[in-house]
Amino acid sequence: QVQLVESGGGLVQAGGSLRLSCAASGRTFNNYAVGWFRQAPGKEREFVAAISRGGGSTGYADSMKGRFTISRDNAKNTVDLQMNSLKPEDTAVYHCAAGTKFLYSGSYDSRYDYWGQGTQVTVSS
């Protein structure tokens, strides 16, 4: 079992940047594929980005490509999400998720077994 804790959220102006971090407990973090999802008020949860166990494969939702970058450091048990050129529509609670079923779990939230509590990102216009 793994516990996930997100950090790095906050208030930023449109066009600005934030770096989110997902810290995991346990010593076998490299057994977990990881994804970032977000949920805005009144909206369904939305896929943001994902990374494979070893970090060799990544994927992004179309609206995040070129603006967001996911990376991981298995030695530190962390997965980061660098977010640039932020827009007001990026405002949401961002959650990281982890699962062991697949080498890479992509946008399929059913493939993730563990979820963090989330960190709020607010982008002002």
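Before any of the text, the structure's been laid out above.
Residues numbered from 1 in each chain as written. Predicted model: local features only at pLDDT ≥ 70, side-chain atom pairs only at ≥ 80, totals over all residues. Heavy atoms only, no water.

Engineer: Any chance you could explain the sheet that holds strand β3 (residues 18-24) here in plain terms?
Structural biologist: Strand pairing in a sheet takes place through backbone hydrogen bonds and is either antiparallel or parallel in direction. A sheet is described by the order of its strands in space; here four strands give the open sequence β1-β3-β8-β7, paired in antiparallel fashion. Only two strands of the sheet have a single partner each, and these edge strands are β1 (4-7) and β7 (68-73). Averaged over all pairs of adjacent strands, the angle between strand axes in this sheet comes to 15 degrees, irrespective of strand direction. (Pairing = 2+ DSSP bridges. Helix = DSSP H or I, 4+ residues; strand = E, 2+ residues; numbered from the N terminus. Axes fitted to C-alpha atoms, helices over the stretch in contact; angles between N-to-C directions.)

Engineer: Help me understand the packing of aromatic side chains in this model?
Structural biologist: Note on aromatic pairs: each is described by the distance of the centres and the angle between the planes. Under the definition given, this model contains six aromatic pairs. On the basis of an interplanar angle of 80 degrees and a centroid distance of 5.4 Å, the ring pair of Phe37 and Tyr112 is categorised as edge-to-face. Placement of the pair is Phe37 in strand β4 (residues 33-39) and Tyr112 in the loop between β9 (92-99) and β10 (114-115), with a sequence separation of 75 residues. Here Phe37 matches Tyr112 in class, with each residue buried. Among the aromatic residues, those joined into a cluster by ring pairs are Phe37, Phe47, Tyr112 and Trp115. It is Arg45 that lies over the ring of Trp115; its NZ or CZ is 4.0 Å from the centre. In this structure, Arg111 is placed above the aromatic ring of Phe102, and the distance from its NZ or CZ to the ring centre is 3.9 Å. (Phe/Tyr/Trp six-rings, centres within 6.5 Å; stacked < 30°, edge-to-face > 60°. Buried < 20%, exposed > 50% of the residue type's maximum accessible area, 1.4 Å probe, protein only. Lys NZ or Arg CZ within 6 Å of the ring centre and 35° of its normal.)

Engineer: How should I be thinking about the nonpolar core in this particular structure?
Structural biologist: The nonpolar side chains of soluble globular proteins are, as a tendency, buried together. One finds Trp36, Val48, Phe68, Val79, Leu81, Met83 and Tyr94 to be the most contacted residues of the largest nonpolar core, which totals 34 residues. Put simply, the parts of the chain that give this core at least two residues each are β3, β4, β5 (46-51), β7, β8 (78-83), β9 and β11 (119-124). Discounting chain neighbours no more than four positions away, the residues touching Val48 are Trp36, Phe37, Arg38, Gly59, Tyr60, Ala61, Met64, Phe68, Leu81 and Tyr94. (Core = buried A, V, L, I, M, F, W, Y, C linked by side-chain atoms within 4.5 Å. Contact = heavy atoms within 4.5 Å.)

Engineer: How should the pairing of β7 be read in this particular structure?
Structural biologist: Each regular strand carries side chains that alternate between the two faces of the sheet. Alternating residues of β7 divide into Phe68, Ile70 and Arg72, all buried, and Thr69, Ser71 and Asp73, none buried. Of the pairings in the sheet, the one linking β7 to β8 comprises six bridges and is antiparallel in character. Bridge pairing links Asp73 to Thr78 in β8. Hairpin connection, β7 to β8: the antiparallel pair is bridged by four residues, and Asn77 has positive phi, about 60 degrees.

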